[in-house]
Amino acid sequence: MNAATTAPIAAPTEARELPRLTAGQRALAAAQAQFDAAAQHLGMDPDLRAVLRVPQREYSVNFPVHMDDGSVRVFTGYRVQHNLSRGPAKGGLRFHPQTDLDDVRALAMWMTWKCALVDVPFGGAKGGVTCDPRTMSGRELEALTRRFATELQPIIGPDSDIPAPDVGTNAQVMAWIMDTISMHHGYSVPGVVTGKPLAIGGSAGRADATGQGIVYTIKDAAARIGIQVAEATVAIQGFGNVGEAAARLLHEAGAKIIAITDVGGGVFDPGGLDVPELARRFRAYGTVANTPGTKPIDNETLFALDVDVLVLAAMEGQITEHNAHRVRARILAEGANGPTSPGADPILRDRGVTVIPDILCNAGGVIVSYFEWAQNRAALAWTRDEVNDRLRRQILSAAEAVWDRAAADRITTRLAAHALAMERVAAATRIRGLYP
Ligand code: NAD
């Protein structure tokens, strides 16, 4: 029998299973669907739509790193600048196994809208390296970061593109990038990254800023629908930079945190979790799972808990058309970027869930990153109270605009947030005109 006769016969197109999308492809499809809905709502002209729907610049690098076992491993990294009409590019760097170009494209686009919505003078960017930092030693991570920073040097800088922490990165990673770029220049360049440690020009309040912003927007949304945060029950997915700060600050505000999950598992206590103890366990073991005195819980069960507030602070695409009908929370606070898929939005709306959309809810990080960058440029330092006061005013002013727009146009808070942001970016892009 020859090869031709043994070759499998292809099923008719409609019976064939569609190829499974990667997490990055799903995130990009979600970002573009949200963009299309807002462009449609605004009646945006097709030329502008074509410009804003895709990133302006994409940068990919492959670079070698010496591993502890003596081998050399080649890593792939990305930086995508989505739109620069309103200022230098701004956005986090992610170290995660699922990081790919599509994921970074989606996250860069969301950064453009976020910066515009909260009116900081930046365009949107995002970057990352496909790697699993949890399996790497501190030395390997430093080597990877310094080499990646070197590869990024042609496109990052205080006037061009300013990275910050995101999933899998933190203040230490920012310090290595700042130091690497400074070594190449021969003088300190603090403004090249934000989210740095205080000792090298970081801002008071930056480490907690995303969580703090989440808490301000939750208090605001809660007041609008008659909930007191001091009496609220809360479930949180994710216990990293964002989730830990949100949990701690909500706990301090009197809320009862009854469930938390992270990548290693989850903990549940209907009487209220001991958040400071969980933070200690997380630092020691890298997960809150198996904390004595708590019951285990998984993500799907956490999403369906009967709580006042559900905070998503982990990854994209968690609430979808498949599980949105199980959400019982009254407020869904999107601490993560893109945690809710477009198919879930109408289900949440019909269930009366108040959604604080990601580009508003988690914007505290980029607002205080802007404050850090401005302080670095002016060579001065604000107090934590000054930072938090400015953060509260800036994020709540954006929140008010979102709620007003949603009411005026009878649309969801997500569509209102995107419409407001896209109008600003469109205006800047239009008034600058086309070069040449
Ligand atoms: P991080 O790496 O510090 O923490 C991520 C957390 O999510 C970890 O606790 C991890 O265990 C958990 N996690 C990962 N996969 C999970 C899963 N399948 N189930 C449950 N938990 C899981 O990252 P971060 O900086 O806290 O970022 C979290 C989200 O917030 C991301 O979407 C990020 O883009 C967004 N964000 C971060 C900032 C910032 O300042 N760091 C600002 C705005 C938005």
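Residue positions within a chain follow its written sequence, with the count starting from 1. Per-residue local features of the predicted model are confined to residues with pLDDT of at least 70, and side-chain atom pairs are confined, for both listing and counting, to 80 or more; whole-chain, interface and lining totals are unaffected and use all residues. Only hydrogens and water are removed before side-chain values are computed, so all heavy atoms of the structure are retained for them.

**Q** Would you mind showing me how to read the sheet that holds strand β7 (residues 256-262) here?
**A** Two strands in a sheet stick together by hydrogen bonds in their backbones, pointing the same way (parallel) or opposite ways (antiparallel). For two strands to pair, DSSP has to find at least two bridges joining them. We count a stretch as a helix when DSSP gives it H or I for four or more residues in a row; a strand needs E for two or more, and each element gets its number in order from the N terminus. The sheet built from 7 strands is open, its strands ordered β9-β8-β7-β6-β10-β11-β12 with mixed pairing. At either margin of the open sheet sits one strand with a lone partner, and together these are β9 (295-296) and β12 (354-356). Pairing of strand β8 (residues 265-268) with β9, which is carried by 2 bridges, proceeds in the antiparallel orientation. Considered in β9, the bridge of Phe268 is made with Lys295. The contact definition used throughout considers only heavy atoms, calling two residues in contact when any of these lie within 4.5 Å. To obtain an axis, a line is fitted to C-alpha atoms, over the contacting stretch when the element is a helix, and the angle between two such axes runs from 0 to 180 degrees between their N-to-C directions. Along the sheet, helix α8 (residues 241-252) makes contact with β6 (233-237), β7 and β10 (309-312), crossing β6 at roughly 170°.

**Q** Teacher, can you tell me more about the site of the ligand here?
**A** The cutoff for a nearby residue is simple: one of its non-hydrogen atoms must lie within 4 Å of the molecule or strand. Taken together, 24 residues are adjacent to the ligand, and Asp166, Thr210, Asn241, Asn299 and Asn337 come closest. Arg94 places a side-chain nitrogen or oxygen 2.9 Å from an oxygen atom of the ligand. Counting of polar contacts relies on pairs of N or O atoms within 3.5 Å, with two restrictions inside protein: one atom must be capable of donating a hydrogen and the other of accepting it, and residues adjacent in sequence are counted only when both atoms are side-chain atoms. Here Val242 contributes a backbone N or O atom positioned 2.9 Å from an oxygen atom of the ligand. Note on areas: these come from Shrake-Rupley sampling with a 1.4 Å probe, and a residue is covered only by the protein chains present in the view. A total of 820 Å² of accessible area belongs to the ligand in isolation, and the protein chains cover 86% of it. Elements with a contribution of two residues or more to the shell around the ligand: α7 (206-224), α8 and β7. Broken down by class, the residue content of the shell around the ligand amounts to 9 nonpolar, 11 polar and 4 charged. Basically, the charged four are Asp, Glu, Lys and Arg, the nonpolar ten are Ala, Val, Leu, Ile, Met, Phe, Trp, Tyr, Cys and Pro, and anything else, Gly included, counts as polar.

**Q** So what exactly am I meant to see when it comes to helix α5 (residues 138-152) here?
**A** Each α-helix winds once per 3.6 residues, and so residues spaced three or four apart point in a common direction. Taking 1.5 Å as the rise per residue, α5 with 15 residues should run 21 Å; its terminal C-alpha atoms sit 21 Å apart, in good agreement. Every buried residue of α5 is accounted for by Glu140, Leu141, Leu144, Thr145, Phe148, Ala149, Glu151 and Leu152. Projection of α5 onto a plane perpendicular to its axis shows the buried side chains occupying an angular sector of 165°, all on one side. Buried residues belonging to α5 abut β1 (57-66), β2 (72-83), β3 (89-96), β4 (123-130) and α6 (171-185). An expected span of 1.5 Å times one less than the residue number is assigned to each helix. Note on classification: 1.4 Å probe, protein chains only; a residue is buried when its accessible area is under 20% of the maximum for its type, exposed when over 50%, partly exposed between these limits. Arc, as used here, means the arc of the directions from the helix axis to the C-beta atoms.

**Q** Is there a simple way to think about the domain arrangement of the protein chain in this case?
**A** Domains assigned within the protein chain are domain 1 (55-197) and domain 2 (209-361). Opposite the 15 residues of domain 1 that make contact, domain 2 presents 10 residues. Together, the buried faces of domain 1 and domain 2 total about 1000 Å²; carbon and sulfur atoms form 58% of this surface. The largest share of the area that domain 1 buries against domain 2 comes from Trp110, Lys114 and Leu117, three residues that together contribute 43% of it. Salt bridge, as used here: a side-chain nitrogen of Lys or Arg that lies within 4 Å of a carboxyl oxygen of Asp or Glu. The tally of links between domain 1 and domain 2 comes to 1 salt bridge. Here Arg94 and Glu316 are joined by a salt bridge, their closest N and O atoms 3.0 Å apart. In this structure, the connection of domain 1 to domain 2 is made through 4 residue pairs in polar contact (both at pLDDT 80 or more). Those elements that place two or more of their residues in the side of domain 1 that touches domain 2 are β3 and α4 (101-117). Looking at the side of domain 1 that touches domain 2, the element that brings in the most residues is α4, giving 6 residues. Grouping the amino acids of the side of domain 1 that touches domain 2 by side-chain chemistry returns 6 nonpolar, 3 polar and 6 charged. Each domain's limits were defined by an automated method or a database of domain assignments. Accessible area that two parts lose when put together, evaluated with a 1.4 Å probe and summed over both, is termed the buried area.

**Q** For this particular structure, what's the right way to read the pairing of β8?
**A** In summary, the side chains of a regular strand alternate between the two faces of the sheet. Where β7 and β8 come together, 4 bridges link them in antiparallel fashion. Of the residues in β8, the one forming a bridge with Asp262 is Gly265. Counting the residues that bridge the hairpin from β7 to β8 gives 2 residues.

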